[in-house]
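Topology and contacts: notes
If you want the building blocks of each chain, they are given just below.
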Amino acid sequence: KQEVTQIPAALSVPEGENLVLNCSFTDSAIYNLQWFRQDPGKGLTSLLLIQSSQREQTSGRLNASLDKSSGRSTLYIAASQPGDSATYLCAVLKIASGSRLTFGEGTQLTVNP
Amino acid sequence: GAVVSQHPSWVICKSGTSVKIECRSLDFQATTMFWYRQFPKQSLMLMATSNEGSKATYEQGVEKDKFLINHASLTLSTLTVTSAHPEDSSFYICSARAGGIGETQYFGPGTRLLVL
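A short tour of the structure in this document, coming up. (Residues numbered from 1 in each chain as written. Chains lettered and ligands numbered in written order. Predicted model: local features only at pLDDT ≥ 70, side-chain atom pairs only at ≥ 80, totals over all residues. Heavy atoms only, no water.)

So, about the overall build of chain A. A tally of regular secondary structure across chain A gives zero helices and eleven strands. Taken over the C-alpha trace, chain A has a radius of gyration of 13 Å; the compact-globule value for 113 residues is 13 Å, and the two agree within 12%. Taken along its principal axes, the extent of the C-alpha atoms in chain A is 45 × 30 × 20 Å. For chain A, the residues scored as buried account for 42% of the 113 residues in total. Relative to all contacts within chain A whose residues are 6 or more apart in sequence, the contacts with residues 24 or more apart total 54%. Within the structure as shown, chain A displays about 5200 Å² of accessible surface, and the carbon and sulfur contribution to it stands at 47%. (Helix = DSSP H or I, 4+ residues; strand = E, 2+ residues; numbered from the N terminus. Rg over C-alpha atoms; globule rule 2.2 N^0.38 Å. Buried < 20%, exposed > 50% of the residue type's maximum accessible area, 1.4 Å probe, protein only. Contact = heavy atoms within 4.5 Å. Areas by Shrake-Rupley, 256 points an atom, 1.4 Å probe, with all protein chains shown as cover.)

Attention now goes to the side chain of B:Gln6. Residue and element names in this part refer to chain B. Mapped onto the elements of the fold, Gln6 is located in strand β1 (residues 4–7). On the accessibility criterion, Gln6 (8% relative accessible area) is buried. Within the local environment of Gln6, its side chain forms a polar contact with the backbone oxygen of Tyr92, the two atoms lying 3.1 Å apart. Of the polar contacts made by the side chain of Gln6, one reaches the backbone nitrogen of Gly110; its length is 2.9 Å. Residues in contact with Gln6, not counting those within four places in the same chain, are Ile21, Glu22, Cys23, Trp35, Tyr92, Ile93, Cys94, Gly108, Pro109, Gly110 and Thr111. (Polar contact = N/O pair within 3.5 Å; in protein donor to acceptor, adjacent residues only side chain to side chain.)

Turning next to unusual backbone geometry. Cis geometry is found at the peptide bond from A:Ile7 to A:Pro8, where omega equals 0°. Position of A:Pro8 among the secondary structure elements: in the loop between β1 (4–7) and β2 (10–14). Cis rather than trans, the peptide bond between B:His7 and B:Pro8 has omega equal to 0°. Secondary-structure assignment places B:Pro8 in the loop between β1 and β2 (10–13). Of note in the backbone geometry, A:Ala79 takes a positive phi value of approximately 45° without being a glycine. Along the polypeptide, A:Ala79 turns up in the loop between β8 (72–77) and β9 (86–94). By relative accessible area, which is 36% here, A:Ala79 ends up partly exposed. Of note, B:Ser83 is a non-glycine position whose phi angle comes to about 45°, a positive value. For B:Ser83, the location among the structural elements is in the loop between β8 (76–81) and β9 (90–97).

In this section: the sheet that holds β8(B). The pairing of strands in a sheet happens through backbone hydrogen bonds and is either parallel or antiparallel. Residues and elements named next belong to chain B. Read from one edge of the open sheet, four strands run β1-β3-β8-β7, paired in antiparallel fashion. The sheet is open, and its two borders are formed by β1 and β7 (67–73), each paired with just one other strand. Adjacent strand axes in the sheet meet at a mean angle of 15°, parallel and antiparallel pairs treated alike. (Pairing = 2+ DSSP bridges. Axes fitted to C-alpha atoms, helices over the stretch in contact; angles between N-to-C directions.)

All told, the structure shown has two disulfides over all chains when counted by the stated rule. Bridging A:Cys23 to A:Cys90, the disulfide has an S-S length of 1.9 Å. Measuring handedness by torsion sign, the sulfur bridge of A:Cys23 and A:Cys90 sits at about 65° and is right-handed. Here A:Cys23, found in strand β3 (residues 19–25), pairs with A:Cys90, found in strand β9; they are 67 residues apart in sequence, far enough to count as distant. For A:Cys23, a relative accessible area of 2% translates into the label buried. One disulfide bridge connects B:Cys23 with B:Cys94, the sulfur atoms lying 2.0 Å from each other. Taking the torsion about the sulfur-sulfur bond, which here is approximately 80°, the covalent link between B:Cys23 and B:Cys94 counts as right-handed. Here B:Cys23, found in strand β3 (residues 19–25), pairs with B:Cys94, found in strand β9; they are 71 residues apart in sequence, far enough to count as distant. Owing to a relative accessible area of 0%, B:Cys94 belongs among the buried residues under this scheme. (Disulfide = S-S within 2.5 Å.)

See the structure below:
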């Protein structure tokens, strides 16, 4: 059974700091891994999708890496801003699961002005 | 990116009534749609997967007679919570995918259901 773990569960940083969110998964047979952002009471916004053959993806101040063999992914946020405050979720699409995305519990990020 | 809408965004109903939630893909045809529920401070749990024109596939522990899913067209799926009870109160989120496995899933804004 695929398990996805995110560390830390919560993180509070001052504005401008660079930070790293971690995601680990137990089954390395995955199609891809996605990072999402969720604001309170809202749906999910896809940030980055990394295919299993890729090592990293970048979008603006965000960089996500994938090490499939070790079952780890990181989301790097550069020069954090108060508007980055949200819950960040990683999810993996396992090859044997058909269409099912398995989500981690999320990291709640607060960026203080 | 692609847009997925949900209606209503929130609903309050009395115990015993049925509630229908719509999920639409606005600018693409969704071959597959997914329904999730999320409890406070928890992650998303997949309830069911539906492909246009066929019956939904429900996850273990999800009652198909209580959570009726219809995927009548490539742009619309509905979730009906039948005979709702307070324990059904939750945040329901749909997502849609245009292509096959491995393609991006786009998520709707969610529907908050409160059953009194």
